[in-house]
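Results of the structural survey
If you want the building blocks of each chain, they are given just below.
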Amino acid sequence: MRLHEYQAKQIFENEGIPIPDGEIAQSPEEAEKIAEKLDERVAVKAQVHVGGRGKAGGVKIASSPPEARTMSEKVLGMNLKGRFVEKVLVEEAAEICQEFYIGVTLDREQGQPVAIVSSEGGENIEKIAEERPDAIAKKHINYAYGLQDFEAREILYKANIPKNMVREVSSTLKLLYSVWKKTDAEDAEVNPLVMTEQNNLLGVDAVLNIDDSALYRQKNLADLREETFEDELEAEASEKEFDYVRLDGNIGVIGNGAGLVMTTLDLIDHYGGSPSNFLDVGGGAKAEILSEALEFLLRDDQVDVVLLNIFGGITRCDEVARGINQALEGKVPIPLVVRLAGTNGEEGRKRLTNNVNIEKSLEDAVKKAIKLVEENK
Ligand code: GDP
Ligand code: MN
């Protein structure tokens, strides 16, 4: 689970990591007020779960409260890499002299946490990691002993952190490790960790991803979940038992098993159609989940035809047919094509409500769905 920057910053600050003063705004007016209160140049930053917000136009610097207002007008409501911006963080802007990177993550191969530091932090860290891996220093951390002072200093020397900053960066790195451990994090990262013109250290950006499997014992963090979706259907789908991804076509697709669904999407594309979504009800899906999935697609205006591709294995086709009938309640609001094969296939096909199009092969089902889209234009 990924936290927003402002949530991560709060947690980092509670641990003692230096963080700029700031507050969240949901309107340009609020942003202006916060800027007045801070009485400083401010950074206006989109709070969405994507990286690289700066380059995508989601981070702006304003030198006065009215400017903070105009900047927020631009950022609030914008679509940032597919995410709708509902909130901005308005905080004191740093006078940046140098940008560092510090992070703690889990090295799964070694089964150990690893601290990562670079004196060339900022927006290009990924490119630097790729092109000049030497510019990035790493050190595994012994989980029993934690990150020792001498180890922290060793990695900072390797990373060429300026001598006068080593003491402070070292203690910040240790605090970051302690947050990482306490919160059951997968990644904790400050990028950039900034040396200001006044030689102070400031965490200008913060990332904290919590291991989903640990949320049962991190209740306070679990409560911070704030998903942003492209639309209401995606938000709703996230609470269901099936996996759903919105696409931009008009053929609704339901299948059992991710591979089967991907194949269906590829075939639709191959025959010149366009799928409206990926929807996998899972291998052993019960009739109820299938019924829920179908009802869900029928409510989507974007969908003109629904194609169900079910291969009965653990899931029996007669069960599937029951689920489909249950969702339709005798009415078929838009054309429905069903490919039903495998365990109890014959019985399933017989059980299906009339007026649905039944095909035995996947190819025929796909061609039929595309034809129906054409006919219903
Ligand atoms: P990201 O692009 O999502 O990682 O967002 P960041 O918070 O890291 O911001 C991107 C870049 O904007 C940083 O690397 C900084 O160079 C710049 N930036 C962010 N906040 C400030 C600030 O307060 N002052 C200044 N001068 N630059 C900032
Ligand atoms: Mn960043």
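From a predicted model like this one, the values you see are computed outputs, not experimental measurements. (Residues numbered from 1 in each chain as written. Chains lettered and ligands numbered in written order. Predicted model: local features only at pLDDT ≥ 70, side-chain atom pairs only at ≥ 80, totals over all residues. Heavy atoms only, no water.)

**Quick notes on the overall build of the protein**
- Looking only at helices and strands, the protein features 13 helices and 18 strands.
- Viewed in the frame of its principal axes, the protein has a C-alpha envelope of about 80 × 50 × 40 Å.
- Put simply, the protein has 377 residues, and 51% of those count as buried.
- A total accessible area of about 18,400 Å² is found for the protein, and carbon and sulfur atoms account for 45% of it. (Helix = DSSP H or I, 4+ residues; strand = E, 2+ residues; numbered from the N terminus. Buried < 20%, exposed > 50% of the residue type's maximum accessible area, 1.4 Å probe, protein only. Areas by Shrake-Rupley, 256 points an atom, 1.4 Å probe, with all protein chains shown as cover.)

**Focus: the coordination of the manganese ion (ligand 2)**
- Each protein donor to the manganese ion (ligand 2) is listed here as Asn191 (O) and Asp205 (OD); together their distances run 2.2 to 2.4 Å. Of this pair, asparagine 191 sits in strand S10 (residues 185-196) while aspartate 205 sits in the loop between strand S11 (201-203) and strand S12 (207-210), placing them 14 residues apart in sequence. One exposure class covers both asparagine 191 and aspartate 205, and it is buried. (Donors = N, O, S within 2.8 Å, 3.2 Å for Na, K, Ca; no water.)

**Let's talk about the layout of surface pockets**
- A volume near 1,100 Å³ is recorded for the largest pocket.
- Residue lining of the largest pocket: 50 residues in total, with Gly122, Glu123, Asn191, Pro192 and Asp205 positioned closest to the centre.
- Of all the elements, strand S7 (residues 96-107) adds the most residues to the lining of the largest pocket, at seven residues. (1 Å grid on protein atoms, 1.4 Å probe; cavity = no way out; pocket = protein on both sides within 12 Å on 5 of 7 lines; lining within 4 Å. Points joined across faces, edges and corners; volume = space filled by probe spheres on them.)

**Considering the packing of aromatic side chains**
- Under the criterion given, the structure shown has three aromatic pairs.
- A centroid spacing of 5.9 Å and a plane angle of 20° characterise the contact between tyrosine 177 and tryptophan 180, whose relative ring orientation is stacked. Of the two residues, tyrosine 177 and tryptophan 180 are both situated in helix H6 (residues 166-182); the distance of three residues between them amounts to about one turn of the helix. With respect to class, tyrosine 177 is no different from tryptophan 180; both count as buried.
- Ring centres of tyrosine 244 and phenylalanine 296 lie 5.0 Å apart, and the angle between their planes is 85°; this geometry places the pair in the edge-to-face category. (Phe/Tyr/Trp six-rings, centres within 6.5 Å; stacked < 30°, edge-to-face > 60°.)

**A look at the side chain of aspartate 318**
- By secondary structure assignment, the location of aspartate 318 is in helix H11 (residues 317-328).
- A relative accessible area of 4% means that aspartate 318 is categorised as buried.
- A polar atom in the side chain of aspartate 318 sits 3.0 Å from the side chain of arginine 316.
- Not counting residues up to four positions away in its chain, the partners in contact with aspartate 318 are Asn344, Glu347, Gly348 and Arg351. (Polar contact = N/O pair within 3.5 Å; in protein donor to acceptor, adjacent residues only side chain to side chain. Contact = heavy atoms within 4.5 Å.)

**Remarks on the sheet that holds strand S3 (residues 59-62)**
- Read from one edge of the open sheet, four strands run S1-S6-S2-S3, paired in antiparallel fashion. Whereas interior strands pair on both sides, the edge strands pair on one side only; in this sheet they are strand S1 (22-25) and S3. Averaged over neighbouring strand pairs, the angle between their axes works out to 20° when direction is ignored.
- By the bridge criterion, five bridges tie strand S2 (residues 42-46) to strand S6 (residues 88-92) in an arrangement that is antiparallel. Note that in S6 the partner of valine 44 across the bridge is valine 90.
- Contacts from helix H1 (residues 5-15) reach S1, S2 and S6, with the element oriented near 45° to S6.
- Of the strands in this sheet, S1, S2 and S6 touch helix H2 (residues 28-38), which is tilted by about 170° from S1. (Pairing = 2+ DSSP bridges. Axes fitted to C-alpha atoms, helices over the stretch in contact; angles between N-to-C directions.)

**Brief notes about the site of ligand 1**
- Among the 17 residues in the neighbourhood of ligand 1, the closest are listed as Lys45, Arg53, Gly54, Ala94 and Glu99.
- Side-chain polar atom of arginine 53 to an oxygen atom of ligand 1: 2.7 Å apart, as the coordinates give it.
- At 2.6 Å, a side-chain N or O of glutamate 99 approaches an oxygen atom of ligand 1.
- Isolated, ligand 1 exposes 560 Å² of accessible area, and the fraction of that covered by the protein chains is 84%.
- Structurally, ligand 1 is housed in the largest pocket.
- Secondary structure elements with two or more residues in the shell around ligand 1: S2, S3, S7 and S10. (Near = heavy atom within 4 Å. Sits in = over half its atoms within 2 Å of the grid points.)

**What to know about the pattern of salt bridges**
- In the structure shown here, the tally under the stated rule is 25 salt bridges.
- The partner of arginine 217 in a salt bridge is aspartate 184, with the nearest N and O atoms 2.8 Å apart. Taken together, the residues arginine 217 in the loop between S12 and helix H7 (219-222) and aspartate 184 in the loop between H6 and S10 connect sequence positions 33 residues apart.
- In this structure arginine 217 comes out as exposed when scored by relative accessible area, which is 52%.
- The class for aspartate 184 is buried, based on a relative accessible area of 15%.
- In this structure, lysine 371 engages glutamate 375 in a salt bridge whose closest nitrogen and oxygen atoms are separated by 3.8 Å. Note that lysine 371 and glutamate 375 are positioned in helix H13 (residues 362-375) at a spacing of four residues, about one turn of the helix.
- Given a relative accessible area of 48%, lysine 371 falls into the partly exposed group.
- Each of the salt bridges in this network shares a partner with another, and the network as a whole consists of Glu5, Lys9, Lys45, Arg53, Glu91 and Asp205. (Salt bridge = Lys/Arg side-chain N within 4 Å of Asp/Glu carboxyl O.)

The quantities given are spatial measurements derived from coordinates; they are silent on function.
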